[in-house]
Amino acid sequence: MSPFNLETCARPNILALQPYRCARDDYKDDGTNILLDANENAYGPSLSPSSPSSSSSSNDDNSKDAPKIDPLGLHRYPDPHQHDLKQLLCNLRNTHAHTPKTLTPANLFVGVGSDEAIDALLRCFCVPGKDRILTCPPTYGMYAVSAQVNDVSIVRVPLLPAPTFALDVPAISAALDADPSIKLLYLCSPGNPTGSLLAKSDVVTLLNHPSWNGVVVLDEAYIDFAPDDASLAELVAEYPNLVVMQTLSKAFGMAGIRLGAAFAPAPIAALLNSLKAPYNISSPTSALASAALGPAGLAVMRANRDKLLAQRDRLLRELPAVDGVGRLRGGTESNFLLYEMLDKDGKPDNGVALAVYERLAETKGVVVRFRGKEHGCEGCLRITVGTEEEVTRFLEALKKTLAEVRGTA
């Protein structure tokens with residue numbers, strides 16, 4: 001019999017890994033649920049009706065011996081460099097709101113969602129078992145998951161208390177001063193689950209830290225829901241230690257194609273492109289992303305975004321009037337909102353929030369996200385902004401569910 005023992009063969013940090021979980025691990029899409037848990041774009045992809053996604057086959061018998069048309073070149077490996085796609089991403093972010101310098105494809109790494117960039121940066125800069133990263137909770141859970149996968153420990157400096165959820169710049173600076181093993185600082189702006197946009201001045205202060213030899217990684221997954229020119233992506237042309245991650249999963253409504261981008265100074269982008277798999281972006285992903293980033297796709301994205309922002313404003317007006325809904329915690333610069341659920345004494349309560357989360361999903365078919373265990377988010381649910389119909393159904397379900405849970409029905 002083989003002496004194989006998984007418990008002693010696998011890396012201990014992988015055995016101890018707590019994988020990233022989402023609400024759909026518990027509540028699947030059965031076609032009738034309202035899914036307001038994952039911050040997707042309920043209006044769908046940013047594609048015009050004429051965007052190529054597949055070729056139509058001919059019914060003409062004479063065509064059976066003709067060469068098959070493959071508009072996406074699926075019989076070939078995809079372009080390993082994705083220069084044209086990178087140029088479209090540069091065109092989107094070259095606003096010159098923050099610098100006269102211009103981004104080029106040499107400033108870009110594209111990967112399978114932002115998660116590939118998160119992991120690639122860890123593999124690029126952190127020696128397993130030696131180096132560390134710094135995060136600012138509450139924040140996106142995959143930074144910690146990827147760090148543990150790579151056997152990299154974490155220094156945590158919490159954000160300032162709600163409702164601002166701003167960076168605690170003095171505390172972060174002191175941590176960087178005290179620990180030269182910190183190589184990466186992961187920041188989320190707008191934050192997840194906070195919805196708050198980080199101040200540019202705070203980010204710049206950390207970029208200019210006088211003694212820290214490390215990289216600031218700014219995750220801008222939700223940046224297109226923030227005010228115009230909020231993205232700091234073009235500042236990678238000014239700072240040698242800044243990486244800005246973005247994705248087509250949110251405002252562009254393209255979560256299914258898994259396309260993320262990391263804007264970086266050319267030397268860092270070159271490192272990331274050197275360590276990636278050679279054909280990490282599929283041809284269908286590249287074609288669909290290019291369509292979404294073209295003029296027609298951008299028009300669709302902006303129209304859908306405007307509809308989502310109108311529903312976000314509606315939630316901001318109507319949620320405070322629901323009995324049992326407490327304070328908005330965090331900002332309004334994203335496609336989700338973080339609200340407290342209150343007990344009968346008017347205090348934020350995790351028990352109430354968790355019960356509301358579960359009952360909404362199990363009895364009303366409405367899936368949101370319980371965030372009460374996150375730092376500074378006691379009693380909070382994170383609610384993705386949906387379509388007008390979805391928001392109407394959510395508000396009605398929330399009123400009934402809160403009354404049931406709080407015993408006031």
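Residues numbered from 1 in each chain as written. Predicted model: local features only at pLDDT ≥ 70, side-chain atom pairs only at ≥ 80, totals over all residues. Heavy atoms only, no water.

Cis peptide bonds are those with omega within 30 degrees of zero, and the linkage from Ala162 to Pro163 qualifies with 10 degrees. Note on placement: Pro163 falls in the loop between β4 (153-156) and α6 (169-178). In this model, Ser189 is joined to Pro190 through a cis peptide bond whose omega is -5 degrees. Topologically, Pro190 is positioned in the loop between β5 (182-188) and α7 (200-207). At Gln82, a residue that is not glycine, the phi angle is positive and equals roughly 55 degrees. Relative to the helices and strands, Gln82 resides in the loop between β1 (34-35) and α3 (83-93). (Helix = DSSP H or I, 4+ residues; strand = E, 2+ residues; numbered from the N terminus.)

Bringing the confidence of the model for the protein chain into the picture now. With 87% of its residues at a pLDDT of 70 or more, the protein chain has an overall mean of 89. Contacts for the low-pLDDT stretch residues 54-63, under 50 throughout, to residues beyond four places or in other chains number 3 contacts. Within the model, the stretch residues 65-69 combines pLDDT values under 50 with 1 contact to residues more than four positions away or in other chains. (pLDDT = per-residue confidence, 0-100. Contact = heavy atoms within 4.5 Å.)

Counting 86 residues, the largest nonpolar core has Leu134, Leu167, Leu187, Phe394 and Leu398 as its most contacted members. Tallying contributions element by element places helix α12 (residues 388-406) first for this core, with 6 residues. Ignoring any residue separated from it by four or fewer positions in sequence, one finds Leu167 in contact with Cys136, Leu159, Leu160, Ile172, Leu187, Leu198, Asp202, Val203 and Leu206. Formed by 26 residues, the second largest nonpolar core is a distinct cluster that contains Phe109, Leu184, Met245 and Ala264. (Core = buried A, V, L, I, M, F, W, Y, C linked by side-chain atoms within 4.5 Å. Buried < 20%, exposed > 50% of the residue type's maximum accessible area, 1.4 Å probe, protein only.)

Attention shifts here to the sheet that holds strand β13 (residues 380-384). Taken together, 4 strands build an open sheet; the order of strands is β9-β10-β13-β12 and the sheet is antiparallel. Two strands lie at the open edges of the sheet, namely β9 (325-328) and β12 (369-370), each paired on one side alone. Bridge count for β9 against strand β10 (residues 336-341) is 2 bridges, and the pairing is antiparallel. Paired with Val325 across the two strands is Met341, which belongs to β10. Contacting β9 and β10, helix α10 (residues 295-318) runs over the sheet at an angle of about 15 degrees to β10. (Pairing = 2+ DSSP bridges. Axes fitted to C-alpha atoms, helices over the stretch in contact; angles between N-to-C directions.)

The subject of this paragraph is the packing of helix α11 (residues 350-364) against α12. Interhelical geometry of α11 versus α12 gives an angle of 125 degrees and a closest axis separation of 9 Å. In terms of their interaxial angle, α11 and α12 are classed as oblique. In terms of crossing hand, the pair formed by α11 and α12 is right-handed. Residues Val352, Ala355, Val356, Arg359, Leu360 and Lys364 of α11 lie in contact with α12, whose contacting residues are Arg393, Phe394, Ala397, Leu398, Lys400, Thr401, Leu402, Glu404, Val405 and Arg406. Considering only residue class, the contact of α11 with α12 consists of 9 nonpolar, 1 polar and 6 charged. (Parallel < 35°, antiparallel > 145°, perpendicular 65-115°, else oblique. Left-handed = near helix turned anticlockwise from the far one by under 90°. Nonpolar A, V, L, I, M, F, W, Y, C, P; charged D, E, K, R; others polar.)

Summed over all chains, the structure comprises 13 salt bridges. Across the salt bridge formed by Arg327 and Glu340, the nearest N and O atoms sit 2.8 Å from each other. Note that Arg327 is positioned in strand β9 and Glu340 in strand β10, a separation of 13 residues in sequence. When its relative accessible area of 4% is taken as the criterion, Glu340 is described as buried. We note a salt bridge from Glu404 to Lys364, for which the minimum N-O separation is 3.5 Å. With a gap of 40 residues between them, Glu404 in helix α12 and Lys364 in helix α11 connect regions that are remote in the sequence. Using a relative accessible area of 36% as the deciding quantity, one classes Glu404 as partly exposed. Connected via shared salt-bridge partners are Arg327, Arg329 and Glu340. (Salt bridge = Lys/Arg side-chain N within 4 Å of Asp/Glu carboxyl O.)

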